[in-house]
Amino acid sequence: EQMAGGAEALLAAAPESPMANYVGVFASLVNEDFPEARARLEKARPAVPDEKYQQLVALIDEHQPFTSRWGPALAKVFVAWLAVFGVMALLGLLLSALTLSAAARLATERQQHRDDGAKALRAVYRLVMGLGAVFYYLSLPLIALSVIGVFGGLVYLCFAVGSIPLKLVVIAVVVGGASLFALVKSLFVRGSDEDPGARLDFAKAPKLKALVDGVAAKVGTRTIDTVFIAPGTELAVFERGPLLKRLRGQGERCLIIGRGVLDGFELGGFRSVLAHEFGHFSNQDTAGGNVALVARQSLLKMGIALAQSGAAGWYNPAWLFFRGYYAVYLRISQGASRLQEVLADRVAI
């Protein structure tokens, strides 16, 4: 106490003095005010030999609790994370309203080349979805720390109070371990290049080849490279190949035709639907989006793993993150998808 009083008197007289701050370091350590000890050590550094400085840094590190050392920084990171998450939620609501408004205008706009800002809105969607995917992956370490903090802290508390409820400890370890496993598992998502059906030999279907080529020419885009015949009722397009190649319009363009969709489908209607699908190519809807798609698949994989392991509860930070982020990201991605469909309809019309 006398030392602390003397140090405070010195610092009051010369707050920037290296020697006064050097004495103040020990006073702060006695008071267990470790952030203040670090601050005073930095001010005292000109008067402290390097070896002694390193010894004092090690002494502070040894005695400062983890929560005191890293707690404020982690709290700031968490607050910033919540702020970004809130901005994403507001953007989702705003973009949804703009998409509905644009769709209503486009449905009655008769001029072929007017889009009423829809293309600019689509560009904003792409940017937001890409940033949202990056935010998702940056969030995973923070969620892992939250899981460790909640369930590890619960186990520590059980041992600290002296009475150890074995069942509670086992549940905390199992749920925490399952949550961390789900987070790690979600990182390993790989796209599938498997054919979605049987490849069609164009030589055996010259009329279909002529039809798709004619629709592509009418729309003003490159035609299909491959047709897959699937057993269901789907009719869709996708593009394969390296990202840069697809962005240059050089990817493999594929059309899926479900066998069941052909029964009773008149040629005019079939041609119109093909024009819609070619509209996606014309608007470059199939050219990118890999990061956003992989992030969504990763998120779903995490949610499924949490549910299957019994760790899907309100008390689990990983599950709360899955529920909240999926709701926000789904609103954004579905809005982008609806806008793509409206624009593809305009191409077909």
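Remember, predicted model here, so these are calculated numbers, not experimental data.

A. How the structure looks around the overall build of the chain. The secondary structure content of the chain amounts to 12 helices and four strands. A total of 349 residues make up the chain; the buried ones form 36% of that total. Taking all contacts inside the chain whose residues are at least 6 apart in sequence as the whole, residues at least 24 apart take part in 72%. For the chain, the accessible surface area stands at approximately 19,900 Å², while carbon and sulfur atoms represent 64% of it.

B. Spatial organisation of the side chain of S298. Within the element layout of this structure, S298 appears in helix α11 (residues 290–308). Using a relative accessible area of 0% as the deciding quantity, one classes S298 as buried. Here S298 is in contact with Y136, Y137, S186, L187 and V189, once residues within four sequence places are set aside.

C. Region of interest: the pattern of salt bridges. If you walk through the whole model with that rule in mind, you get eight salt bridges. For E252, the salt bridge goes to R199, with nearest N and O atoms at 3.9 Å. Within this pair, whereas E252 is found in strand β4 (residues 252–258), its partner R199 is found in strand β1 (residues 198–199), the two being separated by 53 residues in sequence. For E252, a relative accessible area of 25% puts it in the partly exposed group. Residue classification places R199 among the partly exposed residues on the basis of a relative accessible area of 48%. Residues E252 and R240 are paired through a salt bridge, measuring 3.5 Å at the closest nitrogen-oxygen approach. One end of the pair, E252, is in strand β4; the other, R240, is in strand β3 (residues 235–240), and 12 residues separate them in sequence. Take R240: its relative accessible area is 12%, and that puts it in the buried class. Among the charged side chains, a salt-bridge network with shared partners connects D195, R199, R240 and E252.

D. Looking closely at the pairing of strand β2 (residues 226–230). In terms of residue burial, β2 counts as a mostly covered element, since four of its five residues are buried. Examined bridge by bridge, β1 and β2 share two bridges and lie antiparallel to one another. Its bridge partner being in β2, R199 is matched across the sheet by F228. Pairing between β2 and β4: five bridges, direction parallel. Looking across to β4, one finds that T226 is bridged to C254.

E. Layout of the packing of aromatic side chains. Tallied over the entire structure, the rule returns 17 aromatic pairs. Between W81 and F135, the aromatic rings sit 5.8 Å apart at their centres with planes inclined by 20 degrees, giving stacked as the arrangement. One end of the pair, W81, is in helix α5 (residues 66–108); the other, F135, is in helix α6 (residues 118–160), and 54 residues separate them in sequence. Each member of the pair, W81 as well as F135, is classed as buried. Here the aromatic residues F78, W81, F85, F135, Y136, Y137, F321, Y325 and Y329 are joined through ring pairs into a cluster of three or more.

F. Layout of a nonpolar patch on the surface. A cluster of nonpolar residues, V87, L91, L94 and L98, forms a patch on the protein surface that exposes about 320 Å² of accessible area. Along the chain, L98 falls in helix α5.

G. Focus on the packing of helix α10 (residues 267–282) against helix α12 (residues 317–348). Remark: α10 packs on α12, axes separated minimally by 7 Å, with the N-to-C direction vectors making an angle of 125 degrees. Classified by the angle between their axes, α10 and α12 sit oblique to one another. Along this stretch, α10 crosses α12, giving a crossing that reads as right-handed. Between α10, through S272, A275, H276, G279 and H280, and α12, the contact on the second element is made entirely by Q340, E341, A344, D345, V347 and A348. Split into classes, the residues belonging to the contact of α10 with α12 amount to four nonpolar, five polar and two charged.

Reading guide: rules and limits
Residues numbered from 1 in each chain as written. Predicted model: local features only at pLDDT ≥ 70, side-chain atom pairs only at ≥ 80, totals over all residues. Heavy atoms only, no water. Helix = DSSP H or I, 4+ residues; strand = E, 2+ residues; numbered from the N terminus. Buried < 20%, exposed > 50% of the residue type's maximum accessible area, 1.4 Å probe, protein only. Contact = heavy atoms within 4.5 Å. Areas by Shrake-Rupley, 256 points an atom, 1.4 Å probe, with all protein chains shown as cover. Salt bridge = Lys/Arg side-chain N within 4 Å of Asp/Glu carboxyl O. Pairing = 2+ DSSP bridges. Phe/Tyr/Trp six-rings, centres within 6.5 Å; stacked < 30°, edge-to-face > 60°. Patch = residues over 30% accessible without salt bridge, like charges linked within 9 Å, V, L, I, M, F, W, Y side chains within 5 Å. Axes fitted to C-alpha atoms, helices over the stretch in contact; angles between N-to-C directions. Parallel < 35°, antiparallel > 145°, perpendicular 65-115°, else oblique. Left-handed = near helix turned anticlockwise from the far one by under 90°. Nonpolar A, V, L, I, M, F, W, Y, C, P; charged D, E, K, R; others polar.

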